Amino acid sequence: MADEARPLSDDERAELEALRAEKAARLQREQDARERAELEALRAEQKAQRPQLQRQQQASRPQQEAEEDRRIREQRERGAKLMEPDDDLRMPLGQKIVLGVIAVVVVLIIVLTKLVGLPV
């Protein structure tokens, strides 16, 4: 019991520090080895998944392109319906709207010119 209470001598303190340093170095080496093993495992996993990902991307490209083509075709059809005349050669709604807006602008210019009295 008396041994437990007395302080360490300089030699014992140096030995303790050396043992602590060895233990820290050993723990660091073990940690480095675990991290290296994890890195290698992740690299192997990624390497194994890379061809599968490439196949999936290549398989999804035609599907994405088809979807994009369908979306563009729908937009063109909507635009054509709005701006091109139908079989009876009636004026489409888009053209009616454009002409209406132009007429409103012209009327506003004429009214403002008459109110303010500025020559055109």
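Reading the values: rules and limits
- Residues numbered from 1 in each chain as written.
- Predicted model: local features only at pLDDT ≥ 70, side-chain atom pairs only at ≥ 80, totals over all residues.
- Heavy atoms only, no water.
- Helix = DSSP H or I, 4+ residues; strand = E, 2+ residues; numbered from the N terminus.
- Rg over C-alpha atoms; globule rule 2.2 N^0.38 Å.
- Salt bridge = Lys/Arg side-chain N within 4 Å of Asp/Glu carboxyl O.
- Buried < 20%, exposed > 50% of the residue type's maximum accessible area, 1.4 Å probe, protein only.
- Patch = residues over 30% accessible without salt bridge, like charges linked within 9 Å, V, L, I, M, F, W, Y side chains within 5 Å.
- Areas by Shrake-Rupley, 256 points an atom, 1.4 Å probe, with all protein chains shown as cover.
- Lys, Arg positive; Asp, Glu negative; His and termini not counted.
- Charge placed at Lys NZ, Arg CZ, Asp CG, Glu CD.
- Expected span 1.5 Å × (residues − 1).
- Polar contact = N/O pair within 3.5 Å; in protein donor to acceptor, adjacent residues only side chain to side chain.
- pLDDT = per-residue confidence, 0-100.

Trainee: Explain the overall build of the protein chain here, please?
Mentor: Each helix and strand counted, the protein chain has 3 helices and 0 strands in total. Secondary structure elements of the protein chain occur, N-terminal to C-terminal, as α-α-α. For the protein chain, the C-alpha radius of gyration of 41 Å lies well beyond 14 Å, the compact-globule estimate for 120 residues. Seen through its principal axes, the protein chain has C-alpha atoms that stretch 115 × 50 × 25 Å.

Trainee: Would you mind showing me how to read the environment of Asp 11 here?
Mentor: Note that Asp 11 resides in helix H2 (residues 10–83). Sequence spacing of Asp 11 and Val 107 is 96 residues, and the spatial spacing of their C-alpha atoms is 105 Å.

Trainee: What is the right way to read the pattern of salt bridges from this model?
Mentor: Taken as a whole and assessed by the stated rule, the structure comprises 6 salt bridges. A salt bridge links Glu 17 to Arg 20; its shortest N-O distance comes to 3.3 Å. Linking Glu 17 with Arg 20, this pair stays in helix H2, spanning 3 residues, or about one helical turn. Judged by its relative accessible area of 43%, Glu 17 falls in the partly exposed class. Ionic contacts of the salt-bridge type, sharing partners, join the residues Glu 67, Arg 70 and Glu 74 into one network.

Trainee: What should I look at first to understand a negative patch on the surface in this one?
Mentor: Judged by side-chain charge, Asp 10, Asp 11, Glu 12 and Glu 15 come together as a negatively charged surface patch. Examined against the element boundaries, Glu 15 turns out to sit in helix H2.

Trainee: Looking at this structure, I do not really get helix H3 (residues 93–116). What am I missing?
Mentor: The periodicity of an α-helix, 3.6 residues per turn, causes residues three or four positions apart to be oriented the same way. An ideal rise of 1.5 Å per residue puts 34 Å on 24 residues; H3 measures up with 34 Å between its terminal C-alpha atoms. Gly 117 sits one or two residues past H3 and shows a positive phi near 85°.

Trainee: Please explain the side chain of Thr 113 as it appears in this structure.
Mentor: Its place among the elements puts Thr 113 in helix H3. Within the structure, the side chain of Thr 113 is placed 2.6 Å from the backbone oxygen of Ile 109, a separation counted as a polar contact.

Trainee: For this particular structure, what's the right way to read the environment of Asp 32?
Mentor: The residue Asp 32 is located in helix H2 in this model. A residue is classified by how much of its surface remains accessible, and Asp 32, at 29% relative accessible area, is partly exposed. For the pair Asp 32 and Gln 52, spaced 20 residues apart in sequence, the C-alpha separation works out to 31 Å.

Trainee: Looking at this structure, I do not really get the confidence of the model for the protein chain. What am I missing?
Mentor: A low pLDDT score tells you not to read the predicted coordinates there in detail. For the protein chain, per-residue confidence averages 85 on the pLDDT scale, and residues scoring 70 or more make up 94% of the total. For the protein chain, the element scoring lowest by mean pLDDT is helix H1 (residues 2–5), at 60; H3 scores highest, at 90.

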